[in-house]
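So the chains spell out like this:
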Amino acid sequence: MTANTTNNSSNDTISTPAKTSGQGQQMWGGRFSEATDSFVAAFTASVGFDQRFARHDIQGSIAHATMLGKCGILTQDEVDTIIDGLHQVQQEIDAGEFNWSIALEDVHMNVESRLTDLIGTVGKKLHTGRSRNDQVATDIRLWLREEVDNIVALLVKLQAGLLNLAEQHTDTIMPGFTHLQTAQPVSFGHHVMAWFEMLNRDTERLIDARRRINQMPLGSAALAGTTFPIDRTITAELLDFEGICENSLDAVSDRDFAIEFTAAASILMMHLSRMSEEIILWMSAQFGFVQIPDRFCTGSSIMPQKKNPDVPELVRGKAARVFGQLTTLLTLMKNQPLAYNKDNQEDKEPLFDCVDTLTGSLLAFVDMLPNIIPNKKNMRAATMKGYATATDLADYLVRRGVAFRDAHEVVGNAVALAINEGVDLSELQLEQLQQFSDAIGDDVFDYLTLEGSLAARDHLGGTAPNQVTQAVARGRQRIAKYNIDTQ
């Protein structure tokens, strides 16, 4: 092992210590008789990535110090000095003037060390009644709570855009598919509303998961609580937590809230991937159903005619990345005994990557999906090719008293004739249809047209244009409760 081994982080503002003979650089070094090897210091340090928590760490420390003052554990002068110092540390971080040190391992020790440099010995009193174990658990929850709020805001904005798109195309006819084969006519607006429903469940899942994220572990200390007379309700109120983790062992060691978020993120990315797959197919020459704005596409270095749907393809690929982070976190936790273990240092980078990937994908979709331009002519032509109104003819016969299984056979024969003639069902002559069943009357063509097929499905959840219009109105009511600006 050498001192030149690289750390996980590429942040060149972090100083790497040389091998030392004493423990002065570590704030926990009193127990040890020899210095930490420089490779081990770099290998075990997390400051390269957990400095992302700096603002939340300081936020938690201010609340903790305030609580210590209210409980008489620190004097008010000490609390004021600590809080002023923490604000100064935050200002240095914001200005890019903070010197992050690997020797101090993590964001918590870096902040506390700088605080002590600024205000003296009183800075060392900040850690009274807490441990890095409950501190990091609090930081993660504060950070993730904020990220969930940002993601939900993007989701609601995307849903609003889809509602606008659906409203514009309540009667734009396209084929609905099963097994990727033409099944029945639907409206493009109805299809877009299916996307809306997926995302609405994703929004609800994230909001529900946020309740479990928003529970405070601070005050659990290392694993058993603290002997100081703290009042955790004060800290929880200051930090806007909805509740307090009630078992100190569980509070510092479990990351199920992060796993739950990543699971919800995986489902959301699965939905975005399905939408991407449809857009990719629909943009192909074989479908020609839609176009997306050029800014979401690239060309080919050799084929000048190409317009490649790179953003949908990347989102489809990035779904696999988020799935992998879920597996990472599940595997990380599955064999850890209570309470905290160093393994949990590995929870942050998968979580960060999951949030970044999901946020980036949503940012792209918020602009891209509502600006899809459907090719109405191609969609209609494709619907005509697949005998999409066959079920409508069967339903017509059932209403005329024919048993459904018999109606199914009649329609199958009619479709075979239409295929042989090279025409759509609606283009057959009345006499040709009546040879298969005398229950067929001259009103049958009202049901065999694409418009008639759509209009006939006039019930809650159906594809009739007026039902899609009503669904859009309900959708707007559903997202209004989130009180998020969707403009």
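Described in the following lines is the structure provided in the data block.

So, how was this worked out
- Residues numbered from 1 in each chain as written.
- Predicted model: local features only at pLDDT ≥ 70, side-chain atom pairs only at ≥ 80, totals over all residues.
- Heavy atoms only, no water.
- Helix = DSSP H or I, 4+ residues; strand = E, 2+ residues; numbered from the N terminus.
- Polar contact = N/O pair within 3.5 Å; in protein donor to acceptor, adjacent residues only side chain to side chain.
- Contact = heavy atoms within 4.5 Å.
- Pairing = 2+ DSSP bridges.
- Buried < 20%, exposed > 50% of the residue type's maximum accessible area, 1.4 Å probe, protein only.
- Arc of directions from axis to C-beta.
- Salt bridge = Lys/Arg side-chain N within 4 Å of Asp/Glu carboxyl O.

A word on the side chain of H64
1) Next: Here H64 is to be found in helix α3 (residues 54–70).
2) Next: Looking at H64, its side chain comes within polar contact range of the main-chain oxygen of T128, at 2.7 Å.
3) Next: Each residue touching H64, except ones within four places of it in the same chain, is listed here: L126, T128, G129, R130, L218 and T235.

Some words on the pairing of strand β3 (residues 173–178)
Each regular strand shows side chains that alternate between the opposite faces of the sheet.
1) Next: Of the pairings in the sheet, the one linking β3 to strand β4 (residues 181–187) comprises six bridges and is antiparallel in character. In the strand pairing of β4, P175 is matched with P185.

Remarks on helix α13 (residues 376–385)
1) Next: Turning to α13, its buried residues number three or more, namely M379, A382 and T383. Taken around the axis of α13, the buried residues stretch over an arc of 100°, which confines them to a single face. Exposed and oriented more than 90 degrees from the buried face of α13 are K377 and K385.
2) Next: Positive phi shows up at Y387, right after α13, with a value of about 50°.

Describing the environment of I259
1) Next: Along the chain, I259 turns up in helix α10 (residues 256–283).
2) Next: For I259, a relative accessible area of 14% corresponds to the buried category.
3) Next: Each C-alpha atom, one on I259 and one on T327, is 9.0 Å from the other, the two residues being 68 residues apart in sequence.
4) Next: The residues touching I259, leaving out its near neighbours within four places in the chain, are L326, L329, L330 and M333.

Points about the pattern of salt bridges
1) Next: Counted under the stated rule, the structure contains 23 salt bridges.
2) Next: A salt bridge links E146 to R55, with the nearest nitrogen and oxygen atoms 2.6 Å apart. Of this pair, E146 sits in helix α6 (residues 132–168) while R55 sits in helix α3; the two residues are 91 residues apart in sequence, bridging distant segments of the chain.
3) Next: Residue E146 is classed as partly exposed on the basis of its relative accessible area of 27%.
4) Next: The closest approach of N and O atoms between D208 and R212, which form a salt bridge, is 2.6 Å. Pair noted here: D208 and R212 are both in helix α7 (residues 188–213), with a separation of four residues, about one helical turn.
5) Next: With relative accessibility at 33%, the residue D208 sits in the partly exposed group.
6) Next: On the basis of relative accessibility, which here comes to 33%, the residue R212 falls in the partly exposed class.

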